[in-house]
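# An overview of the molecular structure
Here's the letter readout for the chains.
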Amino acid sequence: MGANQWQIFKRITFKAAFPSIISGMKTSLALAFSGLVVAEMMGSDIGLGYIIVDSKNWFRVSDMFMAMFLIAAEYLVIYFLLSFLEKKLFKWKKTGISAVVENN
């Protein structure tokens, strides 16, 4: 139809792959957060992972749980932003039981 390679990529390939890209971002978010916290626990002197280790060593349980709560809150905010973006961009995409069962 006369489109060049860039137009085919931009208008067809990327738009077809974008739902999978968003799903992959949501999946890898948990792995990234766990890696970040472990790295902060092992070799850092700042950050929430360090606060957890330092609080454990000095028996400051409230600080330890607050750092864990903040990590969970950051994760949830980013996850729900990605979910919101996915719902707004892909209104046609069915999820859950509605993706499997047809309603007559």
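What comes next concerns the included structure. Treat the numbers as computed from the prediction; the structure is a model and nothing was measured. (Residues numbered from 1 in each chain as written. Predicted model: local features only at pLDDT ≥ 70, side-chain atom pairs only at ≥ 80, totals over all residues. Heavy atoms only, no water.)

### Considering a nonpolar patch on the surface
On the surface, a nonpolar cluster with roughly 490 Å² of combined accessible area is contributed by Trp 6, Phe 9, Phe 14, Ile 21 and Met 25. Along the chain, the position of Phe 14 falls in helix H1 (residues 5-43). (Patch = residues over 30% accessible without salt bridge, like charges linked within 9 Å, V, L, I, M, F, W, Y side chains within 5 Å. Areas by Shrake-Rupley, 256 points an atom, 1.4 Å probe, with all protein chains shown as cover. Salt bridge = Lys/Arg side-chain N within 4 Å of Asp/Glu carboxyl O. Helix = DSSP H or I, 4+ residues; strand = E, 2+ residues; numbered from the N terminus.)

### A few points about the side chain of Ser 55
Tracing the backbone through its elements, the reader meets Ser 55 in helix H2 (residues 48-57). Each residue touching Ser 55, except ones within four places of it in the same chain, is listed here: Arg 60, Asp 63 and Met 64. (Contact = heavy atoms within 4.5 Å.)

### Section: H1
Over its 39 residues, H1 runs only 46 Å from end to end, short of the ideal 57 Å by more than 12%, given 1.5 Å per residue. Of all the bends in H1, the greatest measures close to 45° and is centred on Phe 14. Along H1, the positions that sit buried rather than exposed are Pro 19, Ile 22, Lys 26, Leu 29, Phe 33, Val 37 and Glu 40. Where H1 is buried, its residues contact H2 and helix H3 (61-89). (Expected span 1.5 Å × (residues − 1). Bend = angle between axes of the 7 residues up to and from the residue. Buried < 20%, exposed > 50% of the residue type's maximum accessible area, 1.4 Å probe, protein only.)

### Description of H2
Every buried residue belonging to H2 is among Leu 48, Gly 49, Ile 52, Asp 54 and Ser 55, and all of these are buried. Considering only its buried residues, H2 is in contact with H1 and H3. A positive backbone phi angle near 60° is found at Phe 59, which sits one or two residues after H2.

Any functional reading would require information beyond the geometric quantities listed.
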